[in-house]
Amino acid sequence: MPKETKTNSNQNTFPEPSSETKAHSDRLKILIQEKIKANNGKITFADYMNLALYAPGLGYYSAGLKKFGQQGDFITAPEISPIFSQCLALQCIQIMQQTQQLVLLEVGAGSGVMAIELILELEKQSQLPEQYLILELSADLRERQHQAIQTRIPHLSDRFVWLDSLPDKPFNGIIIANELLDAMPVHLLKLDSDVILERYVSMSEAGHFIWQDAAPKNNRLKKIADEIKSLHHDQAHLNDKPGTSYITEVNLQAIDWVKTIADILGSGAILLVDYGYTALEYYHPQRSMGTLMCHYQHHRHDDPFYLPGLQDITAHVNFSSIAHAATDSGLIVCGFTTQAHFLMAGGLVELTRDLNPDDVLHFSEVARQIKILTLPEEMGELFKVILLAKDKRLSLPAFQFKNFQNRL
Ligand SMILES: C[S@@+](CC[C@H](N)C(=O)[O-])C[C@H]1O[C@@H](n2cnc3c(N)ncnc32)[C@H](O)[C@@H]1O
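These figures come from a predicted structure and were not determined experimentally. (Residues numbered from 1 in each chain as written. Predicted model: local features only at pLDDT ≥ 70, side-chain atom pairs only at ≥ 80, totals over all residues. Heavy atoms only, no water.)

1. Considering the site of the ligand
The local shell around the ligand holds 18 residues, among which Tyr54, Thr76, Gly108, Glu136 and Asn178 are the closest. The backbone of leucine 137 places a nitrogen or oxygen atom 3.3 Å from a nitrogen atom of the ligand. One of the side-chain N or O atoms of asparagine 178 is found 2.7 Å from an oxygen atom in the ligand. Relative to its unbound accessible area of 600 Å², the ligand is 96% covered by the protein chains. Partitioned by chemical class, the residues of the shell around the ligand number 11 nonpolar, five polar and two charged. (Near = heavy atom within 4 Å. Polar contact = N/O pair within 3.5 Å; in protein donor to acceptor, adjacent residues only side chain to side chain. Areas by Shrake-Rupley, 256 points an atom, 1.4 Å probe, with all protein chains shown as cover. Nonpolar A, V, L, I, M, F, W, Y, C, P; charged D, E, K, R; others polar.)

2. Concerning the packing of helix α1 (residues 19-38) against helix α2 (residues 45-54)
The geometry of α1 relative to α2 is characterised by a closest axis approach of 10 Å and an angle of 150 degrees between their N-to-C directions. Relative to α2, α1 is oriented roughly antiparallel. In this structure, α1 crosses over α2, and the sense of that crossing is right-handed. In this structure, α1 uses Leu28, Leu31, Ile32 and Lys35 to contact α2, whose residues at the interface are Tyr48, Leu51 and Ala52. Grouping the constituent residues of the contact of α1 with α2 by class yields six nonpolar, no polar and one charged. (Axes fitted to C-alpha atoms, helices over the stretch in contact; angles between N-to-C directions. Helix = DSSP H or I, 4+ residues; strand = E, 2+ residues; numbered from the N terminus. Parallel < 35°, antiparallel > 145°, perpendicular 65-115°, else oblique. Left-handed = near helix turned anticlockwise from the far one by under 90°. Contact = heavy atoms within 4.5 Å.)

3. Concerning the packing of helix α11 (residues 339-352) against helix α12 (residues 360-374)
At a minimum axis separation of 10 Å, α11 and α12 run at an interaxial angle of 160 degrees. The orientation of α11 relative to α12 falls into the category roughly antiparallel. Contacts from Gln339, Ala340, Leu343, Met344, Leu348 and Thr352 of α11 reach α12 at Val366, Ile370, Leu373 and Thr374. Here the residues of the contact of α11 with α12 are counted per class, giving seven nonpolar, three polar and no charged.

4. Re the pattern of salt bridges
Counting across every chain of the model gives 10 salt bridges. A salt bridge links aspartate 140 to arginine 144; the nearest nitrogen and oxygen atoms lie 3.1 Å apart. Of the two residues, aspartate 140 and arginine 144 are both situated in helix α6 (residues 139-152); the distance of four residues between them amounts to about one turn of the helix. Here arginine 144 falls in the partly exposed class, since its relative accessible area comes to 29%. Aspartate 164 serves as the salt-bridge partner of arginine 142, at 2.9 Å between the closest nitrogen and oxygen. Highlighted residues: arginine 142 in helix α6 and aspartate 164 in the loop between β5 (160-163) and β6 (171-178), separated in sequence by 22 residues. A relative accessible area of 25% means that arginine 142 is categorised as partly exposed. Look at the salt bridges and you will find they share partners, linking Lys190, Arg199 and Asp213 into a network. (Salt bridge = Lys/Arg side-chain N within 4 Å of Asp/Glu carboxyl O. Buried < 20%, exposed > 50% of the residue type's maximum accessible area, 1.4 Å probe, protein only.)

5. Points about the nonpolar core
A general feature of soluble globular proteins is that nonpolar side chains tend to end up buried together. Among the nonpolar cores identified, the biggest contains 75 residues, and Phe45, Tyr48, Ile175, Leu181, Trp257, Ile313 and Ile386 are the most heavily contacted of them. Beyond its immediate stretch of four places on either side in the chain, tryptophan 257 contacts Val107, Leu166, Ile175, Leu180, Leu181, Met184 and Leu272. Listed in part, the 53 residues of the second largest apolar core include Ile80, Met96, Leu118 and Leu343. (Core = buried A, V, L, I, M, F, W, Y, C linked by side-chain atoms within 4.5 Å.)

6. Thoughts on unusual backbone geometry
Of note, the amide linkage connecting lysine 169 to proline 170 takes the cis form, showing an omega dihedral of -5 degrees. Position of proline 170 among the secondary structure elements: in the loop between β5 and β6. Positive phi outside glycine occurs at glutamine 100, with the angle close to 65 degrees. Inspection of the secondary structure puts glutamine 100 in the loop between α4 (82-99) and β3 (103-107). For serine 126, which is not glycine, the phi torsion reads 55 degrees and is therefore positive. Mapped onto the fold, serine 126 is located in the loop between α5 (113-124) and β4 (131-135).

7. Description of α6
Taking 1.5 Å of rise per residue, the 14 residues of α6 would be expected to cover 20 Å, and the 20 Å separating its terminal C-alpha atoms lies within 8% of that figure. For α6, every residue scored as buried is listed here: Asp140, Leu141, Gln145 and Ile149. Within α6, the buried residues cover an arc of 165 degrees as seen down the axis, which keeps them to one side. What points out from α6, more than 90 degrees from its buried face, is the exposed set Ala139 and Thr151. (Expected span 1.5 Å × (residues − 1). Arc of directions from axis to C-beta.)

Laid out in structure tokens, this is it:
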């Protein structure tokens, strides 16, 4: 995700898609236009984002484009360095020891690289799980994960099982996910001093997608909008600009996902890594344009209508909403910290202790990777890790440097 060119939406400078990929985007555009027409002229932004990312065979994640890494649109932590997944593996061992659960479930496994590096570290530590389950929404990525695992770790491939949906309850095990929640469709709100509006997606006569703001129909969304307004009221001294609209996102799907996980989890834990903030930071009056972001070939911009299907669309995660959904559903929040603190306390030092500084090329490459993962201006501070557990409070070394859960 980091290391992109900030382009201020100047799409003229973006690489041109090939005629084939452009035709692909046009097919998705037609599908979305049809949904808008069938829905009396507008759909929620969450519905738009869902189609743009996950429409079968056409959406950004569902279709066959390369998304991760240097040739894709963005880079995630497991793609940057195996150390990230190795640290996660060390924390999974701690969870396995405290919960006696030996099954892992990774949700939204991307290219499969985290699964590979994580299980290799578990093997090295003689702590192989009985099974490594993967739940992946995208059929294309599922196939890529399968191939990567067959190619890189054929001797461990029989431990992997791909699920079509979340497991039946009770599921006893450890659920992990990196950058899953930020890829879930969000609703957009536009708050003025006296009105609450939802941002819908409509169509101009020429067929271009355009915004249409109208009262939200969803009661949960209305309630959350009221809560955001009261947060602003409490912080009114921070932003006194009457008449300015405040645009923000609400991720109802992430809240529902946590509630479902809480329901199916018999015993075990959930470890989630993503970029985001606590509610106070997320809905800070000064963050008046929200956090919605698009990634197209390492260019970051804010136009979700640009080439649907060819670009990623994401929003930062409101970790307070995740924590509250978890506790409301009977989970225990055991830790919340930054990625830098998590990695530093969670084994990064031990994992790099045997590096040979005389091997200058390798040493400097690992140093570069660690900087990206941990420096505050890179991924270190924006990315957070939250640990949720069922039945009993868990204590992991990775949360012992700093645990910020009282801020949630
Ligand atoms: C931003 S990518 C992150 C991929 C990978 N975890 C990484 O860190 O490189 C989001 C992933 O989550 C998947 N995904 C999104 N929503 C999902 C859901 N509800 N269930 C399973 N997978 C989902 C996407 O298809 C994609 O693989």
